[in-house]
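Observations on chain architecture
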Amino acid sequence: MAAEGEENKTSSFNKYACACALIASIISIIFGYDTGVMSGAMIFIKEDLKINDVQVEVLAGILNICALVGSLGAGRTSDYIGRRYTITLASMIFLLGSVLMGYAPSYAILMTGRCIAGVGVGFALMIAPVYSAEISSPSTRGFLTSLPELCISFGILVGYTSNYFFGKLTLKLGWRMMLGIAAIPSLALAFGILKMPESPRWLVLEGRLREAKEILLMVSNSKEEAESRFQEIKAAAGIDPNCIEDVVKPPSIHHGEGVWKDILLRPTPTVRWILIAAIGIHFFEHATGIEAVVLYSPRIFKKAGVTSKGKLLLATVGVGLTKTTFILIATFFLDRVGRRRLLLTSVGGMVAALTGLGFALTMVEQHSEKKLLWALCLSIVCTYTFVAFFSIGLGPITWVYSSEIFPLKLRAQGASIGVAVNRLMNATVSMSFISIYKAITIGGAFFMFAGIAVVAWWFFFLLLPETKGKSLEQIETLFTRNKKPKNKGLEIQPKSNNV
């Protein structure tokens, strides 16, 4: 009977919660578009503005350095003004950056616009998964929280496609259109935000219980589920679960006061394990080389033997299409197969693909006097295979997992630390990849990424328990180290949350 009830619960799907998560994820489309479009735009920018490879690397990576700053500020901001208006703020910042990049008469103005857009990206990457996690039911949280990553991939695909079509315009107009058009979805989000509710968990932290309960009734699959979630959230926030007041005095920690101490300076063993897991999964997402493939895929294909600009951009569109397709597949498996199993399968496939890509590119370089058709084909197949395995596991699960494991009072700023690490690694790879492959060859660079992916597999196997089907308030108990975690997480009775 219990299994049957669980099945019925899982089969329910709240369309309103899905629509809210989709609207929140528009900001992720904007970021994805900027990442994808820049890979092709850099070809034209370098030619038009007469910049060197070091300036190209800085242009590619500076967005992520600024995103690091934005993400660290986003956690505290969302605790003050709410998740909903933090999304609006992110879109407005990105709108300004897009306009400046589209105008950019010089490298300095282009860099200024890229820096401003980077701050918006930092806000967006933190807030979209957290908002989606906080409004979703346990049975659909994996699907809804992976929507931002799906939208990033869709944005990358649109960016690649824009490269191909805008690349046919004049040199001065083409790349400016590629970058400036990103302002349009920012305006769309400004209207969409009017239909979105605030996060019920943030409202509870503010003491606005009646509003929180009303929203939970709208985003839950049943009244019983809404009531159960409401009681758990109140308990996690330090409010008496039996309280029936509409408005109460907010808990002592509701705007982030003391949170940094609880996370970094004096964390409990549980919080320390959660922090290590969050930092680790964000670190390995980019340390395994996805940014090198997404941002520099035209260079990879050129090294492999694809020479014309048109074919380079078309091959890059294939990367974006593969990424979007497999993340879409992953969204339907996260709540069925589980985070852990998908993650380990994903990283295992990435190791094999990176090894094959390193071998193929090494053969191409060692036989540069002639064109090796088999090595060219193997390079393209391994690139697409790597992107597919990344997109079905590590890509979406990084954001799902890190947004759901922190306790309520630490969630926004805990997630912001993960995003900061994510952007730091993204910037490190994107700003150093050209220098690395010039130093150890492009094949050697991908062998290096394969070695890092092996380390990542063991990290995930040993430290990341399964969170599928658990409420956000129950997940904290999975990280209570009474013993080493089993493959499916620890079954430990919840304790009161005094963090």
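An account of the accompanying structure is given in this report. (Residues numbered from 1 in each chain as written. Predicted model: local features only at pLDDT ≥ 70, side-chain atom pairs only at ≥ 80, totals over all residues. Heavy atoms only, no water.)

**Some remarks on empty space enclosed by the protein**
Taken as a whole and judged by the stated rule, the model has six cavities of 30 Å³ or more. By volume, the largest cavity amounts to about 150 Å³. Phe31, Ile152, His286, Glu291 and Lys323 are the residues nearest the centre of the largest cavity, which is lined by 17 residues in total. Of all the elements in the fold, those that place two or more residues in the lining of the largest cavity are helix H3 (26-49), helix H8 (147-166), helix H15 (269-287), helix H16 (290-304) and helix H21 (411-440). The residue inventory of the lining of the largest cavity, partitioned by class, reads eight nonpolar, four polar and five charged. (1 Å grid on protein atoms, 1.4 Å probe; cavity = no way out; pocket = protein on both sides within 12 Å on 5 of 7 lines; lining within 4 Å. Points joined across faces, edges and corners; volume = space filled by probe spheres on them. Helix = DSSP H or I, 4+ residues; strand = E, 2+ residues; numbered from the N terminus. Nonpolar A, V, L, I, M, F, W, Y, C, P; charged D, E, K, R; others polar.)

**Comments concerning the packing of H3 against helix H4 (residues 53-81)**
With their axes 11 Å apart at the nearest point, H3 and H4 run at an angle of 170 degrees to one another. By the angle between their directions, the pair H3 and H4 is classed as roughly antiparallel. Helix-helix and strand crossings are classified by hand; for H3 and H4 the assignment is right-handed. Of the residues in H4, those in contact with Phe31, Asp34, Met38, Met42, Ile45 and Lys46 of H3 are Asp53, Val56, Leu59, Ala60 and Leu63. (Axes fitted to C-alpha atoms, helices over the stretch in contact; angles between N-to-C directions. Parallel < 35°, antiparallel > 145°, perpendicular 65-115°, else oblique. Left-handed = near helix turned anticlockwise from the far one by under 90°. Contact = heavy atoms within 4.5 Å.)

**Describing the nonpolar core**
Of all hydrophobic cores here, the largest spans 118 residues; its most connected members are Ile45, Trp175, Phe446 and Phe460. No other element matches helix H6 (residues 107-135), which puts 14 residues into this core. Leave out the neighbours within four places in its chain, and Phe446 touches Val293, Ile300, Leu354, Leu357, Gly358, Leu361 and Phe433. Core analysis: the second largest hydrophobic core is formed by 26 residues, Cys18, Leu209, Leu216 and Ile327 among them. (Core = buried A, V, L, I, M, F, W, Y, C linked by side-chain atoms within 4.5 Å. Buried < 20%, exposed > 50% of the residue type's maximum accessible area, 1.4 Å probe, protein only.)

**A few points about the packing of aromatic side chains**
Counted under the stated rule, the structure contains 16 aromatic pairs. Ring geometry for Phe433 against Phe449: centres 6.3 Å apart, planes inclined by 20 degrees, an arrangement best described as stacked. Placement of Phe433 in helix H21 and of Phe449 in helix H22 (residues 442-463) is noted, with a sequence separation of 16 residues between them. The exposure classification of Phe433 matches that of Phe449, with both residues buried. Judged by centre distance (5.3 Å) and plane angle (10 degrees), the ring pair of Trp457 and Phe461 falls under stacked. Here the residue Trp457 and the residue Phe461 both occupy positions in helix H22, the gap between them amounting to four residues, near one helical turn. Overall, the relative accessible area of 25% leaves Trp457 in the partly exposed class. (Phe/Tyr/Trp six-rings, centres within 6.5 Å; stacked < 30°, edge-to-face > 60°.)

**Here's the deal with the side chain of Ser220**
Position of Ser220 relative to the elements: it lies in the loop between helix H12 (209-219) and helix H13 (223-236). A polar contact of 2.7 Å, which involves the side chain of Ser220, links it to the backbone oxygen of Leu216. Within polar-contact distance, the side chain of Ser220 engages the side chain of Arg229 at 3.0 Å. If near-sequence neighbours (up to four positions away) are discounted, Ser220 is found in contact with Asn14, Ser137, Glu225, Ala226 and Arg229. (Polar contact = N/O pair within 3.5 Å; in protein donor to acceptor, adjacent residues only side chain to side chain.)

**Focus on the environment of Leu63**
Within the secondary structure layout, Leu63 lies in helix H4. Along the backbone, Leu63 and Thr35 are 28 residues apart, and their C-alpha atoms lie at a distance of 9.3 Å. In contact with Leu63, not counting residues within four places along its chain, are Phe31, Asp34, Arg114, Ala117, Gly118 and Val121.

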